[in-house]
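# Analysis of the macromolecular model
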Amino acid sequence: MAATILFNSRSVRVSDFRCTAQAGDAPFVERFGCHSVSYVRKGSFGCHHRGRFFELVAGSLFIGHPGDEFMCTHDHVCGDECLSFFLEPELVQSIGDAKPVWQAGAVPPLPELMVLGELAQAAAEARSDIGLDEIGHLLASRFVATMSGKPPQPAKPTARDRRRAVETALWIDANSHREIELEDAAREASVSPFHFLRMFSATLGVTPHQYLLRSRLRHAARRLVDDDATVTDIAYDVGFADLSNFTRTFHRAAGVSPLKFRQAARGERKIFQEHVGPSDIN
């Protein structure tokens, strides 16, 4: 099994797993170290867990409960891939820690979970502006709600929650050049990460990570207009750790590259006209 850690914080660790088992390899018993939710994005495998046997295919969830033993088999297809979220007890308690739910072993491909699994994969590949820790919270929460038979309840932020969300948004904007994770922002608001994600999103309509990226884009756009620093310097100054990611994210937002945005802002209006049609501005 080849594993790559994509994200690691105090409450959530995210890893990419690519199975290297070959036909004929003998299965062996493993043990879950913590609560986990793994999205099967490719291939299939079998799993013995608590006296039951599951066949997991693309779109399924593989669920871990600390201390439980399991054994994976590869009788049909070799080469499955999973995106796995490992959750610390405090987060699980916030989401819901009912033992029967977390000892489900596996969940079949369900549309309400598959769409979040694909969003998680997009976040892992930097094709979405939602944070990996955020989608981990959302996927685990939706899993618990689905298995419990209780539809997710919309967040209803209090006046105090709304004030905290706005004040933290201002803090995020002022510090957007730094690396800010969900836990950092939640600590600033003096609430748990799970509660903060819900109250912030309900109050402002975007997740904290989305707001962070959009703050960086806003600061970058201002810099591109106002000064002569290179695109590379601006990208790093506003908080992007990778130039290609900045260019891709900025192009997705503005419809043009950072360089062409700068040129348009300085008088070459036809650049925007070439990329934006009448239907896009009506």
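Residues numbered from 1 in each chain as written. Predicted model: local features only at pLDDT ≥ 70, side-chain atom pairs only at ≥ 80, totals over all residues. Heavy atoms only, no water.

### Observations concerning the packing of aromatic side chains
- Per the counting criterion, the structure on display carries 11 aromatic pairs.
- Ring geometry for Phe 196 versus Phe 200: centroids 5.4 Å apart, planes at 45 degrees, classification tilted. Of this pair, Phe 196 and Phe 200 both sit in helix 7 (residues 193-204), 4 residues apart, roughly one helical turn.
- Among the aromatic residues, those joined into a ring-pair cluster are Phe 32, Phe 45, Phe 62 and Phe 70. (Phe/Tyr/Trp six-rings, centres within 6.5 Å; stacked < 30°, edge-to-face > 60°. Helix = DSSP H or I, 4+ residues; strand = E, 2+ residues; numbered from the N terminus.)

### Topic: the environment of Ile 63
- Position of Ile 63 among the secondary structure elements: in strand 7 (residues 61-64).
- Placed 25 residues apart in sequence, Ile 63 and Ser 38 show a C-alpha to C-alpha distance of 6.4 Å.
- Those residues within four positions of Ile 63 in sequence are excluded, and the remaining contacts are Phe 32, Ser 36, Val 37, Trp 102, Gly 105, Ala 106, Val 107 and Phe 143. (Contact = heavy atoms within 4.5 Å.)

### Observations concerning the packing of helix 5 (residues 159-174) against helix 6 (residues 182-189)
- Where helix 5 meets helix 6, the axes come as close as 9 Å, and the angle between the chain directions of the two elements is 125 degrees. What the angle tells us is that helix 5 and helix 6 run oblique. Remark: the crossing between helix 5 and helix 6 carries right-handed chirality. Facing Arg 164, Thr 168, Trp 171 and Ile 172 of helix 5, the residues of helix 6 in contact are Asp 184, Ala 185, Glu 188 and Ala 189. (Axes fitted to C-alpha atoms, helices over the stretch in contact; angles between N-to-C directions. Parallel < 35°, antiparallel > 145°, perpendicular 65-115°, else oblique. Left-handed = near helix turned anticlockwise from the far one by under 90°.)

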